[in-house]
Amino acid sequence: MATACRASRLPFAAATFLLVLLLAGGGAADDASSDDDAGTPRTPGCSNKFQLVKVKNWVNGTEGATVVGLSARFGARLPRDMQEAQKSFAILANPFACCSNLTSKLTNSVALATRGECAFTAKAKTAQAGGAVGLLVINDDEELYKMVCSENDTSINVTIPVVMIPQSAGKKLKDFLDHGASVEVQLYSPNRPIVDLSACFLWIMALGTIVCASLWSELVACEQVDERYNQLTRKDGPNTGTNYREDKEIFEISARGAIVFIIIASVFLLLLFYFMSSWFVWVLVVLFCIGGIESIMVNCFSQGMHVCLVTLLARIFKDCGQKTVQLPFLGEVLTISVGIVPFCVVFAILWAVYRHASFAWIGQDILGICLMITVLQMARLPNIRVASALLSAAFVYDIFWVFISPLLFHESVMIAVARGDNTGESIPMLLRIPRFFDPWGGYDMIGFGDIIFPGLLVAFSYRFDRVSKKGILNGYFLWLTVGYAVGLFLTYLALFLMDGHGQPALLYLVPCTLGLIVILGWVRGDLHDLWNYGKGRTENVVDEP
């Protein structure tokens with residue numbers, strides 16, 4: 001007979017599962033993409049590749065924050081090395097729109113003009129005619145707009161570099177110039193490294209999370225922890241004197257449930273796209289923190305960092321895993337569990353407070369990995385029949401909301417929600433790592449769904465191998481782990497080849513995992529067993545006196 005604990009833990013697992021599904025999309029580029037041919041006709045003199053540009057600036061000799069701009073389809077190409085870039089004074093164009101004959105002297109200077117009133121090519125020609133050696137166009141928004149040629153521009157003869165900068169950065173430079181300050185700028189566009197080592201680290205983190213979660217129960221957790229800690233024991237009643245214990249709860253996914261999750265997630269994702277606000281991101285941050293630690297107030301479920309730490313410490317220090325203490329309302333709990341809860345709570349709170357700091361990615365990744373390991377313990381696929389329904393639906397979901405949604409909503413819904421557009425906040429359900437060796441900085445990211453969905457199948461393959469007594473080579477766990485590693489490699493390869501455009505990682509991961517186990521099962525004659533494994537079997541919760 002299940003107790004109230006069952007009712008509290010399984011909906012939590014389902015809710016967590018839905019949250020990670022929302023961000024199943026692959027790593028999204030956090031910078032303006034470097035090239036995009038859509039709606040940008042190329043003509044002689046207007047065939048440049050878009051380049052991100054570093055705009056270094058000095059005000060009265062003091063260096064300011066470097067601004068990131070975007071070069072135009074036309075104009076001179078910028079040097080890749082800062083040492084080759086020319087340092088020039090910046091002067092406001094007069095008129096400021098730079099659409100008619102200028103009254104300001106721009107000789108050997110970089111003109112600073114605002115967007116609007118005429119074509120970008122007309123601004124460039126006007127600045128060039130006034131003697132400018134470059135043109136900075138201030139956008140009317142923070143996004144970097146791609147400056148292209150109009151259909152009437154059949155031949156462009158612009159020989160100076162033209163760069164767009166964000167509205168806030170341009171306003172600051174204009175204010176300095178309006179107050180008589182001396183402003184110097186230097187424009188260059190460094191190359192990104194061919195091999196992104198940060199992506200390699202992220203690849204290891206994602207792969208390690210899946211392997212660790214698959215092996216956790218057998219190689220890390222021990223029977224004492226499963227029986228004594230998982231979950232906090234409580235009295236059935238004050239006068240009965242009988243202790244009740246629950247076995248580990250399992251949220252077993254069904255084929256119908258998988259489809260329902262996809263539908264609900266699609267609706268929720270669309271609502272986030274239209275009604276995203278900073279307060280809602282805060283709600284997700286709070287939910288992420290609760291999922292990453294353990295809510296001691298709800299003593300029935302163990303989650304995230306807490307369960308991972310208790311399990312590890314009880315495994316290492318076996319005596320600690322035996323000592324218990326009586327707490328009001330909670331009854332008998334492990335002493336080590338009581339000691340770790342405050343640490344986990346403080347850790348999560350500190351991350352939430354300092355989540356915008358440069359080091360915040362460390363806390364986010366730790367909480368996220370702990371959460372995913374726990375979810376992969378609670379949620380299970382019973383067979384590859386259900387796995388096929390879930391991963392196939394997630395495959396279509398990912399592709400649609402990353403690649404097809406821009407045709408309907410003018411931008412990728414998945415990537416817009418993941419970035420937290422217009423909120424100043426980013427969604428926390430991501431593993432991320434800074435691009436340490438990239439002159440442009442930024443982060444490499446992967447959604448929790450890209451780890452958990454294939455991870456469910458990899459974990460199933462491990463359980464199947466153990467029950468079927470298969471070895472490493474003739475089993476499925478090793479090959480699916482390799483398949484996931486290859487699929488994630490292909491994701492980042494596509495991200496590189498597509499100039500940083502966001503990629504639906506499940507486009508590559510599903511064929512490399514689900515496709516692989518189906519083909520291997522068919523070749524080995526195990527497909528029927530894999531397809532129907534666990535059918536009709538349920539995992540019951542038993543209360544013991």
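Residues numbered from 1 in each chain as written. Predicted model: local features only at pLDDT ≥ 70, side-chain atom pairs only at ≥ 80, totals over all residues. Heavy atoms only, no water.

A.B. asks: Would you mind going over the environment of Thr-159 in detail, with residue names and values included?
C.D. replies: When you line up the elements, Thr-159 lands in the loop between β6 (134–138) and β7 (162–165). Note on Thr-159: relative accessible area 52%, which makes it exposed. Separated by 34 residues in the primary sequence, Thr-159 and Lys-125 place their C-alpha atoms 9.0 Å from one another. Leaving out residues up to four positions away in the same chain, Thr-159 has contacts with Ala-76 and Gln-128. (Helix = DSSP H or I, 4+ residues; strand = E, 2+ residues; numbered from the N terminus. Buried < 20%, exposed > 50% of the residue type's maximum accessible area, 1.4 Å probe, protein only. Contact = heavy atoms within 4.5 Å.)

A.B. asks: Could you give an account of the state of the cysteines, naming the residues involved and the relevant values?
C.D. replies: For the structure on display, the rule yields two disulfides. Paired through a disulfide, Cys-46 and Cys-149 show a sulfur-sulfur distance of 1.9 Å. Residues Cys-46 and Cys-149 are joined by a disulfide whose S-S torsion is about 115°; by sign, that bridge is right-handed. Of the two residues, Cys-46 is situated in the loop between α1 (4–22) and β1 (52–59) and Cys-149 in the loop between β6 and β7; the sequence distance between them amounts to 103 residues. Judged by relative accessible area, Cys-46 falls into the buried class, the value being 0%. In this structure Cys-149 comes out as buried when scored by relative accessible area, which is 5%. In the protein, the cysteines engaged in disulfides, taken in order along the sequence, are linked 1-4, 2-3. As a non-bridged cysteine, Cys-98 has Cys-99 as the owner of its nearest cysteine sulfur, 7.0 Å distant. Residue class for Cys-98 comes out buried when judged on its relative accessible area of 0%. (Disulfide = S-S within 2.5 Å.)

A.B. asks: Help me get a handle on helix α13 (residues 449–467), residues and values and all.
C.D. replies: Between its first and last C-alpha, α13 extends 27 Å over 19 residues, near the 27 Å set by a 1.5 Å rise per residue. Of all the bends in α13, the greatest measures close to 30° and is centred on Gly-455. Burial runs high along α13: 17 of the 19 residues are buried. Phi turns positive, to about 55°, at Lys-469, one or two residues after α13. (Expected span 1.5 Å × (residues − 1). Bend = angle between axes of the 7 residues up to and from the residue.)

A.B. asks: Which residues make up the side chain of Asn-57, and what values go with them?
C.D. replies: If you trace the backbone, Asn-57 turns up in strand β1. In terms of polar contacts, Asn-57 uses its side chain to reach the backbone carbonyl oxygen of Ala-65, at 2.9 Å. (Polar contact = N/O pair within 3.5 Å; in protein donor to acceptor, adjacent residues only side chain to side chain.)

A.B. asks: Can you break down the packing of helix α6 (residues 255–275) against helix α11 (residues 384–409) residue by residue, with the values?
C.D. replies: For the pair α6 and α11, the least separation of the axes is 9 Å and the interaxial angle reads 20°. The orientation of α6 with respect to α11, classified from their angle, is roughly parallel. Where α6 crosses over α11, the two elements pack in a sense that is right-handed. Contacts between α6 and α11 involve Ala-255, Ala-258, Ile-259, Ile-262, Ala-265, Ser-266, Leu-269, Leu-270, Phe-273 and Tyr-274 from the first element and Arg-385, Val-386, Ala-389, Leu-390, Ala-393, Ala-394, Tyr-397, Trp-401 and Phe-409 from the second. In terms of residue class, the contact of α6 with α11 is built from 17 nonpolar, one polar and one charged. (Axes fitted to C-alpha atoms, helices over the stretch in contact; angles between N-to-C directions. Parallel < 35°, antiparallel > 145°, perpendicular 65-115°, else oblique. Left-handed = near helix turned anticlockwise from the far one by under 90°. Nonpolar A, V, L, I, M, F, W, Y, C, P; charged D, E, K, R; others polar.)

A.B. asks: Lay out the confidence of the model for the protein with the relevant residues and their values.
C.D. replies: Here the protein shows a mean pLDDT of 77. Residues at 70 or above account for 72%. Between residues 1–13, whose pLDDT stays under 50, and residues either more than four places distant or in other chains, the model counts 31 contacts. Note on residues 537–545: pLDDT is under 50 here. Beyond four places in sequence and across chains, it has 22 contacts. (pLDDT = per-residue confidence, 0-100.)

A.B. asks: Lay out the pattern of salt bridges in plain terms, naming residues and giving numbers.
C.D. replies: Across all of its chains, the model carries seven salt bridges by this definition. With a closest N to O distance of 2.7 Å, Lys-56 and Glu-63 form a salt bridge. Judged by relative accessible area, Glu-63 falls into the partly exposed class, the value being 44%. With a closest N to O distance of 3.5 Å, Arg-115 and Asp-140 form a salt bridge. Note that Arg-115 is positioned in the loop between β5 (109–114) and α2 (120–129) and Asp-140 in the loop between β6 and β7, a separation of 25 residues in sequence. Residue classification places Arg-115 among the partly exposed residues on the basis of a relative accessible area of 26%. Among the residues examined, Asp-140 registers a relative accessible area of 52% and is labelled exposed. (Salt bridge = Lys/Arg side-chain N within 4 Å of Asp/Glu carboxyl O.)

A.B. asks: Go over α2 with me, naming the residues and quoting the values.
C.D. replies: Those residues of α2 that fall on the buried side of the exposure criterion are Phe-120, Thr-121, Lys-123, Ala-124, Thr-126 and Ala-127. If you follow the buried residues of α2, they end up packed against β5, β6 and β7. Gly-131 sits one or two residues past α2 and shows a positive phi near 95°.

A.B. asks: Account for the pairing of strand β8 (residues 183–188), with residues named and values stated.
C.D. replies: With six of its six residues buried, β8 lies for the most part within the structure. In β8, alternate side chains face the same way, and those of Val-183, Val-185 and Leu-187 on one face and Glu-184, Gln-186 and Tyr-188 on the other are all buried. Where strand β4 (residues 87–92) lies against β8, three bridges are found, and the strand directions are antiparallel. Considered in β8, the bridge of Phe-89 is made with Glu-184. (Pairing = 2+ DSSP bridges.)

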